[in-house]
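Summary of structural features
Chain residues, written in single-letter form:
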Amino acid sequence: MDIDEKIKKIEDEIQKTPYNKATSHHIGKLKAKISKLREESIQRKSSGTKGKGFHVKKAGDSTVVLVGFPSVGKSTLLNEITNAESKVGAYQFTTLDIVPGVMDYKGAKIQIFDIPGIITGAAGGKGRGREILSVARSADLIIIVMDVFNPKHYEVILRELRDVGIRPNEKQPDVTVKRNKLGGVHVSSTTELTHLDEKTIRSIINEYGMHNADVLLRNDVTIDQFIDALEANRTYIPAVPVLNKIDLADEEYLQEIKKQFPDAIFISADQKINIDTLKDEIFERLKLIRIYLKPQGKKADYEDPLIIREGATVKDVCGKLHRDFVRNFRHANIWGSSVKFESQKVGFDHVLNDKDVLRIILKK
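About the thresholds
- Residues numbered from 1 in each chain as written.
- Predicted model: local features only at pLDDT ≥ 70, side-chain atom pairs only at ≥ 80, totals over all residues.
- Heavy atoms only, no water.
- Phe/Tyr/Trp six-rings, centres within 6.5 Å; stacked < 30°, edge-to-face > 60°.
- Helix = DSSP H or I, 4+ residues; strand = E, 2+ residues; numbered from the N terminus.
- Buried < 20%, exposed > 50% of the residue type's maximum accessible area, 1.4 Å probe, protein only.
- Pairing = 2+ DSSP bridges.
- Axes fitted to C-alpha atoms, helices over the stretch in contact; angles between N-to-C directions.
- Contact = heavy atoms within 4.5 Å.
- Core = buried A, V, L, I, M, F, W, Y, C linked by side-chain atoms within 4.5 Å.
- Salt bridge = Lys/Arg side-chain N within 4 Å of Asp/Glu carboxyl O.
- pLDDT = per-residue confidence, 0-100.
- Parallel < 35°, antiparallel > 145°, perpendicular 65-115°, else oblique.
- Nonpolar A, V, L, I, M, F, W, Y, C, P; charged D, E, K, R; others polar.

A separate point is the packing of aromatic side chains. Inspection of the entire model under this criterion finds five aromatic pairs. Between Tyr154 and Phe261, the aromatic rings sit 5.3 Å apart at their centres with planes inclined by 85°, giving edge-to-face as the arrangement. A residue pair is termed long-range when its members are at least 10 positions apart, and Tyr154 in helix α5 (residues 153–163) and Phe261 in the loop between α8 (251–260) and β11 (265–266) qualify at 107 residues. Take Tyr154: its relative accessible area is 15%, and that puts it in the buried class.

A word on helix α6 (residues 198–207). When α6 is considered as a whole, its buried residues turn out to be Thr200, Ile201, Ser203, Ile204, Ile205 and Glu207. A positive backbone phi angle near 80° is found at Gly209, which sits one or two residues after α6.

This part covers the sheet that holds strand β16 (residues 356–362). Spatially, β13-β12-β16-β14-β15 is the arrangement adopted by the five strands of the open sheet, whose pairing is mixed. A single partner strand is all that each edge strand has here, and the edge strands are β13 (306–309) and β15 (344–346). Taking the axes of each pair of neighbouring strands and ignoring which way they run, one obtains an average angle of 40° across the sheet. Here helix α10 (residues 314–321) sits on the sheet and contacts β12 (288–293), β13, β14 (329–335), β15 and β16; the angle it forms with β13, its principal contact strand, is near 130°.

Turning to the nonpolar core, a few remarks are in order. Ile110 and Ile282 are the most contacted members of the largest nonpolar core, which has 60 residues in total. For this core, the leading source of residues is strand β4 (residues 141–147), giving six residues. In this view, Ile282 contacts Val64, Ile81, Met103, Ile110, Ile112, Leu141 and Ile143; residues no more than four positions away in its chain are not counted.

With that out of the way, let us pick up the sheet that holds strand β7 (residues 185–189). Strand pairing in a sheet takes place through backbone hydrogen bonds and is either antiparallel or parallel in direction. In spatial order, the strands read β6-β8-β7; together these three strands make up an open sheet with mixed pairing. The sheet terminates laterally at β6 (175–179) and β7, the two strands that pair on one side only. In this sheet, adjacent strand axes meet at a mean angle of 10° when their direction is disregarded. Here β6 pairs with strand β8 (residues 213–217) via five bridges, running antiparallel. Bridge pairing in β8 links Thr176 to Leu216. Where α6 meets the sheet, it contacts β7 and β8, and its direction lies at approximately 130° from that of β7.

The full count for this structure, using the stated rule, is 19 salt bridges. Note that Asp228 and Arg167 form a salt bridge whose closest N and O atoms lie 2.7 Å from each other. Of this pair, Asp228 sits in helix α7 (residues 223–231) while Arg167 sits in strand β5 (residues 166–168); the two residues are 61 residues apart in sequence, bridging distant segments of the chain. Of the two residues, Asp228 and Arg167, neither departs from the other in class, the shared state being buried. Among the ionic contacts, a cluster of salt bridges with common partners joins Arg167, Asp228 and Arg234.

Turning our eyes to something else, we now look at the confidence of the model for the protein. Scored by pLDDT, the protein has a mean of 88; 88% of the residues are at 70 or more. Low pLDDT, under 50, characterises residues 90–95; the predicted model gives this stretch 15 contacts beyond four residues in sequence or across chains.

Let's shift gears to the packing of helix α3 (residues 74–81) against helix α9 (residues 275–285). Two elements in contact, α3 and α9, have axes whose closest approach is 11 Å; the angle formed by their N-to-C orientations is 80°. By the angle between their axes, α3 is roughly perpendicular relative to α9. Contact residues: α3 offers Leu77, Glu80 and Ile81, while α9 offers Ile275, Leu278, Lys279 and Ile282. For the contact of α3 with α9, a count of residues per class yields five nonpolar, no polar and two charged.

Let us now look at the environment of Glu160. You can see Glu160 is positioned in helix α5. Relative accessible area serves as the criterion here: at 4%, Glu160 is assigned to the buried category. When the C-alpha atoms of Glu160 and Ile118 are compared, they prove to be 9.0 Å apart, with 42 residues separating the residues in sequence.

Spelled out as structure tokens, the structure:
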């Protein structure tokens, strides 16, 4: 029996098992087995495709990947929002390689990749799908592009992304597992657990060959999230659903689809409808902020801001500029919403806000 058959057999057993407190430990063990088998399958298929992968060079302030089925308009969209020239055609599999473009927006240079269209079963290797989807693992944001007349593709794409270890729009579970040589399994939590009990946790980690460990949970995690934490190779990436070709749909149909996708961006890449709205959403979801640098004795540079992530500190900016700024840092002055008064003196740990003006003072 091959790996896929084993997974199918276990999935059938899970389907037939009624989920309740008495069976949760058994279901947890079965799900852990599936996860291990999938990882084994990935390793086998990866080892057989050496030299055939897609190699992409990251550049700019952030990276965005366009993911979707063939012929949904990804190439047209890439050409519209970036400086790329991706081949466009009204037939499937026009894009046969990774096409990069750069979106210059609000002072940020955002790299956007148009990857080949995926198909159902991509995560299992169909249509080079595993190699294609692996590009998305290193992205800062995934744009799920769909034809407005095929919204059912959304769940398929989410499933394919999950099957290669990507968790779109999920937060990483706060779980710590410390393996010990002796002492058995000790479970503690800082919150009430409504999905897991100690028996289920023991059953899952035993499946991973751990019989002595300290387990600490700071979230009310599910069985699947706990397994993800044990695998430790999941990536948690924000994703935005985009429905394209709205110029071809009537208003009544669009209203129905908008009820299904209240958080989606509805566009027409061909007719340039809502493109600026999408650019705004990309910038916002990447959580980028602009910092204007003010050299000592000079005016602030409002033309070429430094782009950093929300939550970044003065030390992060110094590190991005040059290591000498970290080594010789004395203090900084800030003008902007992150301080109580203009030209406030701050240290390394000060958290910056969008459009702050920053002057760094170095030791002489």
